[in-house]
Amino acid sequence: MFYIVFDLEFNQAFETPTVVQVNDLLCPFEIIQIGAVKMDRDWNTVATFNRYVKPVLYPYVSPFITELTGITTGQLVNEAHFPVVYQAFLEFLGKSDTIFCSWGKTDIRELYRNVAYHKLSHQFLSKQYINLQPYASLHFNLPHKKLLRLQSTVEALDIPLTHPFHDALSDAYY
């Protein structure tokens, strides 16, 4: 059994004076990066996964997303499309039982949504999931509905800030 701590970075629709993109309600957030850390039962890191995804639904990276993540349209031009990266992610997961872990509910929801949008199978994705965010609140004796930002939690736990935030692999690592 493995724990897969994963994070996703997304692109979304945006408007400029010359470009208007229609937000697809079936997939409002398109995955442009998947980062994951695979850990064994004893919480030892056994593998990592980090892939960028060439967007097709929203082919130009929103300026807001570039500012937040540093990911640019030009950076993604030569990357594989989601179905190829998803297949590599499934290979990374392997055939063992896994439990997904992420910071918040958005990433798991959007992973399933992107899989469905591309008409891919989700049968090999774990059905077991842990949202780590409320556990951080409980650790600091806050109400479970008082959700902390990842960066605030990392700083409060005195974890060395060795990686940038809003990078999928770095956020999974934290």
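Look up a bit, the structure's there.
What counts, and where the lines are drawn
- Residues numbered from 1 in each chain as written.
- Predicted model: local features only at pLDDT ≥ 70, side-chain atom pairs only at ≥ 80, totals over all residues.
- Heavy atoms only, no water.
- Axes fitted to C-alpha atoms, helices over the stretch in contact; angles between N-to-C directions.
- Helix = DSSP H or I, 4+ residues; strand = E, 2+ residues; numbered from the N terminus.
- Parallel < 35°, antiparallel > 145°, perpendicular 65-115°, else oblique.
- Left-handed = near helix turned anticlockwise from the far one by under 90°.
- Contact = heavy atoms within 4.5 Å.
- Nonpolar A, V, L, I, M, F, W, Y, C, P; charged D, E, K, R; others polar.
- Buried < 20%, exposed > 50% of the residue type's maximum accessible area, 1.4 Å probe, protein only.
- Pairing = 2+ DSSP bridges.
- Expected span 1.5 Å × (residues − 1).
- Core = buried A, V, L, I, M, F, W, Y, C linked by side-chain atoms within 4.5 Å.

**Considering the packing of helix H3 (residues 82–93) against helix H4 (residues 106–117)**
Relative to each other, H3 and H4 sit at 125 degrees, their axes nearing to 10 Å. In terms of orientation, H3 lies oblique with respect to H4. You can see that H3 and H4 cross each other, and the crossing is left-handed. Note on element contacts: H4 touches H3 through Leu111, Asn114 and Val115, opposite Phe82, Tyr86 and Phe89. Partitioned by chemical class, the residues of the contact of H3 with H4 number five nonpolar, one polar and no charged.

**Let's talk about unusual backbone geometry**
Here the phi dihedral of Lys119 falls at roughly 60 degrees; this positive angle occurs in a residue that is not glycine. Tracing the backbone through its elements, the reader meets Lys119 in the loop between H4 and strand E5 (129–131). Classification of Lys119 by relative accessible area gives exposed; the value is 75%.

**Details of the pairing of strand E2 (residues 29–39)**
Taken across its eleven residues, E2 has ten buried, putting it largely inside the fold. Relative to E2, strand E1 (residues 2–12) is paired through ten bridges, and the arrangement is antiparallel. Note on E2: the bridge partner recorded for Val5 is Val37. Two elements, E2 and strand E3 (residues 45–52), share seven bridges in a ladder whose sense is antiparallel. Residue pairing for E3: Lys38 is matched across the bridge by Ala47.

**Some words on H3**
Across its twelve residues, H3 extends 16 Å between first and last C-alpha, which sits within 8% of the 16 Å expected from 1.5 Å per residue. Along H3, the positions that sit buried rather than exposed are Phe82, Val85, Tyr86, Ala88, Phe89, Leu90, Phe92 and Leu93. Contacts from the buried residues of H3 go to E1, E2, E3, strand E4 (98–102) and H4. Gly94 lies just past H3 and shows a positive phi near 75 degrees.

**A word on the nonpolar core**
One recurring pattern in soluble globular proteins: nonpolar side chains tend to sit buried together. Formed by 22 residues in total, the largest nonpolar core has its most connected members in Phe89, Phe100, Leu111 and Leu125. When contributions to this core are tallied by element, the ones reaching two or more residues are E1, E2, H3 and H4. With eight residues, the single largest contributor to this core is H3. In this structure, Val5, Ile99, Cys101 and Ala172 belong to the second largest nonpolar core, which totals seven residues.

**Details of the environment of Phe124**
Checked against the element boundaries, Phe124 lands in the loop between H4 and E5. Phe124 sits 31 residues away from Leu93 along the chain, and the two C-alpha atoms are 8.7 Å apart. Apart from residues lying up to four places away in sequence, Phe124 is in contact with Leu90, Leu93 and Lys95.

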